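# Results of the structural survey
What follows is each chain in one-letter form.
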There are 2 protein chains.
Amino acid sequence: MIIHGDVQSGNCYKVRLLAALLDIEYRWVAVDILSGDTRDPAFRRKNANGKIPLLELDDGRCLAESNAILNYLAEGSALLPSDRFRRARVLQWQFFEQYSHEPYIAVARFIARYLGLPEERRDEYHAKQRGGHRALAVMEEQLQASPFIAGDEYSIADISLYAYTHVADEGGFDLSGYPAITAWLDRVAAHPRHVSMG
Amino acid sequence: MIIHGDVQSGNCYKVRLLAALLDIEYRWVAVDILSGDTRDPAFRRKNANGKIPLLELDDGRCLAESNAILNYLAEGSALLPSDRFRRARVLQWQFFEQYSHEPYIAVARFIARYLGLPEERRDEYHAKQRGGHRALAVMEEQLQASPFIAGDEYSIADISLYAYTHVADEGGFDLSGYPAITAWLDRVAAHPRHVSMG
C-alpha cells in the first residue's frame, strides 16, 4: 500500500495518523504540490482531480479524498462505528470538516504559512477568519456536550477535524476562547499511538 | 421522519430524490434560508451549523449534511454498495462534490439565480467559473470510462453530483462541451422512480 502525500498537509496527516493508530504498514511517496507534482500526467492518471493524499492499493486501484481514505482504512476497527446512525454521524462531521472548516482554517494557514501572506491574498486571508471562527464555535458547542466530536468514543471524525484544528494558530486563529476544543486537542494527542504532524 | 429543507436547494433535492427512489415516507418541513429560518434558535438546537437539509428521526435524533443523510438512508439498498472499496469510492465522489464541485457550481447558481447577480458579487461569480469547469472536466473523464460516476451501477454518488450538475446552466455553465456528462444526466433522469427538482 502506497500513500502519496506531503508531510506538511493536514489532509495527508489524517491518513498518516490513522495508519499509526491502527498499525497499518505503508510506503510513503512524497508529492510536492508547490513544485507541480500533482499536475504531472503520471499522477493525474492515478487521480484525475490532481489532489493529495492518494491511496494506492497493491493491486493498483487508487482512492482519493482524505476522508474517503479514512473510511476505507478504518472499516471494521473501533474508530468507525458499525451502528448505522453512529456511522452517519461520523460522516456528518467529516462533511462539515470539508465544507465548513477546511476551506477557512486550512486555506488561511496555507496563505499565511506556505505563501507568506502575499499582498494580493491578504483580503482573502482576512475573509477566512470569520468562517473559521464560525466552524470553531460549532465544534466548541459539540465538544461541550461530548468528549469526542461524534460522541463518547474517539473516531475517524476526530482525526478529520484534529488535522487542521491543532495548527489553526498558523492561520491566525487564537484557540484560547475555545476551552472545550483545547481540552479535546489534548485528549486526541494523549492516545498512546498518536503521532505528530510534519 | 422529517426532512427540513428548501425545494429550490440542490442539497435538499438529493434527499428528496433518494427518498423517491427508495420509496421512503417522510414529512417535509419547509425552511426558507433567505428569510433567516436557519438562524432561528429552535432550528439551531437541531443543527448547530444552521444548514439544510436536516433529517429528524422519529426519536428526535437529527442528522445534518446532505451526503451523510444519503449514506444513512441508503444503507442496505442497491444504491450503496456493501463492498468496502466500492463504498469508499462512492464517498470519494461525495467528498469531491462538496469540496471541488458544489462551492463553484452551486454557489455560482445561487449568486445568479437567487441574488440576481448583484454588482458586488460579480467578480466572485466569474471566479467560480474556472473551478466549476475544472470539476466538470474531472466528471467528464470519469463518465467517459463508466456509465455512472462511481462505476457500473447507479449509486448515491450519482445523486450527489446530479443535484447541482443538472442545473449548472443556471450558474452560467454550458454543458454542451461535456457529452459524457449530458448522456449521464439523461441516464439518471431515466430511472423509473426519478423525481425532478423544485
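The preceding data block contains the structure.
Residues numbered from 1 in each chain as written. Chains lettered and ligands numbered in written order. Predicted model: local features only at pLDDT ≥ 70, side-chain atom pairs only at ≥ 80, totals over all residues. Heavy atoms only, no water.

## Remarks on the state of the cysteines
Residues and elements named next belong to chain B. Evaluated as defined, the whole model comprises zero disulfides over all chains. Sulfur of Cys-12: no disulfide; nearest cysteine sulfur belongs to Cys-62 and is 14 Å away. Using a relative accessible area of 0% as the deciding quantity, one classes Cys-12 as buried. A residue is classified by how much of its surface remains accessible, and Cys-62, at 11% relative accessible area, is buried. (Disulfide = S-S within 2.5 Å. Buried < 20%, exposed > 50% of the residue type's maximum accessible area, 1.4 Å probe, protein only.)

## Here's the deal with the relation of the copies chain A and chain B
Note on the copies: chain A fits chain B at an RMSD of 0.0 Å, the axial shift is 0.0 Å, and the rotation between them is 180°. Both chain copies can therefore be described as sitting about a two-fold axis. When each C-alpha of chain A is compared by its distance to the rotation axis, A:Tyr99 comes out closest, at 3.1 Å. Looking at the interface residues of chain A, 100% of them are also at the interface in chain B, so both copies use one shared face. (Least-squares fit on C-alpha atoms with pLDDT ≥ 70 in both. Contact = heavy atoms within 4.5 Å.)

## Focus on the packing of helix H6 (residues 156-165) of chain A against helix H7 (residues 179-189) of chain A
Residue and element names in this part refer to chain A. The N-to-C vectors of H6 and H7 enclose an angle of 110°; their axes lie 11 Å apart at closest approach. By the angle between their directions, the pair H6 and H7 is classed as roughly perpendicular. The element H6 and its partner H7 pack so that their crossing is left-handed. Touching Asp-158, Leu-161, Tyr-162 and Thr-165 of H6 are Ile-181, Trp-184, Leu-185, Val-188 and Ala-189, all from H7. For the contact of H6 with H7, the residue count by class is seven nonpolar, one polar and one charged. (Axes fitted to C-alpha atoms, helices over the stretch in contact; angles between N-to-C directions. Helix = DSSP H or I, 4+ residues; strand = E, 2+ residues; numbered from the N terminus. Parallel < 35°, antiparallel > 145°, perpendicular 65-115°, else oblique. Left-handed = near helix turned anticlockwise from the far one by under 90°. Nonpolar A, V, L, I, M, F, W, Y, C, P; charged D, E, K, R; others polar.)

## Some remarks on the sheet that holds strand E2 (residues 27-30) of chain A
All names here are of chain A. Taken together, four strands build an open sheet; the order of strands is E2-E1-E3-E4 and the sheet is mixed. Two strands in the sheet have a free side with no partner beyond their single neighbour: E2 and strand E4 (62-64). Strand after strand, the sheet turns through a mean of 20° between neighbouring axes, direction not considered. For strand E1 (residues 2-5) and E2, the ladder comprises four bridges, and the chain directions are parallel. Considered in E2, the bridge of Ile-3 is made with Trp-28. Relative to the sheet, helix H3 (residues 66-74) contacts strand E3 (54-56) and E4, its axis offset from that of E4 by approximately 125°. (Pairing = 2+ DSSP bridges.)

## Remarks on the pairing of E1(A)
Residues and elements named next belong to chain A. Burial along E1 is two-sided: the face carrying Ile-2 and His-4 and the face carrying Ile-3 and Gly-5 are both buried. A crossover connection joins E1 to the parallel E2 through helix H1 (residues 10-22); in handedness this β-α-β unit is right-handed. Strand direction decides the pairing type here: E1 and E3, joined by three bridges, are antiparallel. Its bridge partner being in E3, His-4 is matched across the sheet by Leu-54. (Right-handed = clockwise from strand over helix to strand, strands pointing away.)

## Remarks on the nonpolar core
One recurring pattern in soluble globular proteins: nonpolar side chains tend to sit buried together. Grouped together as the largest cluster of nonpolar side chains are 54 residues, with contacts concentrated most on A:Met139, A:Ile156, A:Ile181 and A:Trp184. Mapped onto this core, the elements with two or more residues apiece are H1, H3, helix H4 (84-114), helix H5 (122-145), H6 and H7 of chain A together with helix H4 (84-114) of chain B. Broken down by element, this core gets its largest block of residues, eight residues, from H4(A). Split by domain, the residues of this core number at least three in each of domain 1 (2-74) and domain 2 (84-189) of chain A. Once you skip the residues sitting within four places of it in the chain, A:Ile156 turns out to touch A:Leu18, A:Leu70, A:Asn71, A:Ala74, A:Leu79, A:Leu80, A:Val90 and A:Gln94. B:Leu57, B:Leu79, B:Ala106 and B:Ala163 belong to the second-largest nonpolar core, a separate cluster that totals 53 residues. (Core = buried A, V, L, I, M, F, W, Y, C linked by side-chain atoms within 4.5 Å. Domains from an automatic or database assignment.)

## Re the packing of aromatic side chains
Overall, the coordinates contain 15 aromatic pairs over all chains when judged by the stated rule. Here A:Phe95 and B:Phe95 contribute two aromatic rings whose centre-to-centre distance is 4.0 Å and whose plane-to-plane angle is 15°, an arrangement assigned as stacked. Highlighted residues: A:Phe95 in helix H4 and B:Phe95 in helix H4, drawn from two different chains. Since its relative accessible area comes to 0%, A:Phe95 is described here as buried. On the basis of an interplanar angle of 70° and a centroid distance of 6.3 Å, the ring pair of B:Tyr162 and B:Trp184 is categorised as edge-to-face. Taken as a pair, B:Tyr162 in helix H6 (residues 156-165) and B:Trp184 in helix H7 (residues 179-189) lie far apart in primary sequence, 22 residues in all. Like B:Tyr162, the residue B:Trp184 is buried in the burial classification. Pairwise contacts between aromatic rings join A:Tyr13, A:Tyr162 and A:Trp184 into one cluster. Stacked on the ring of B:Phe85, the Lys or Arg A:Arg61 has its end atom at 4.2 Å from the ring centre. It is B:Arg84 that lies over the ring of A:Tyr72; its NZ or CZ is 4.2 Å from the centre. (Phe/Tyr/Trp six-rings, centres within 6.5 Å; stacked < 30°, edge-to-face > 60°. Lys NZ or Arg CZ within 6 Å of the ring centre and 35° of its normal.)

## Some words on the interface of chain A and chain B
Listed per partner, the contact involves 33 residues of chain A and 33 residues of chain B. For the chain A and chain B pair, buried surface summed over both sides reaches about 3,200 Å², with 66% attributable to carbon and sulfur atoms. By the criterion of area lost to chain B, the three top residues of chain A are A:Phe85, A:Phe95 and A:Tyr99, representing 24% of everything that side buries. Inspection of the chain A/chain B interface yields zero salt bridges. Run the count over chain A and chain B and you get ten residue pairs in polar contact (both at pLDDT 80 or more). Mapped by element, the contributors of at least two residues to the side of chain A that touches chain B are E4, H3, H4 and H5 of chain A. In terms of residue count, H4(A) provides more of the side of chain A that touches chain B than any other element does, 16 residues in total. By residue class, the composition of the side of chain A that touches chain B is 17 nonpolar, seven polar and nine charged. (Buried area = accessible area lost by both parts, 1.4 Å probe. Salt bridge = Lys/Arg side-chain N within 4 Å of Asp/Glu carboxyl O. Polar contact = N/O pair within 3.5 Å; in protein donor to acceptor, adjacent residues only side chain to side chain.)

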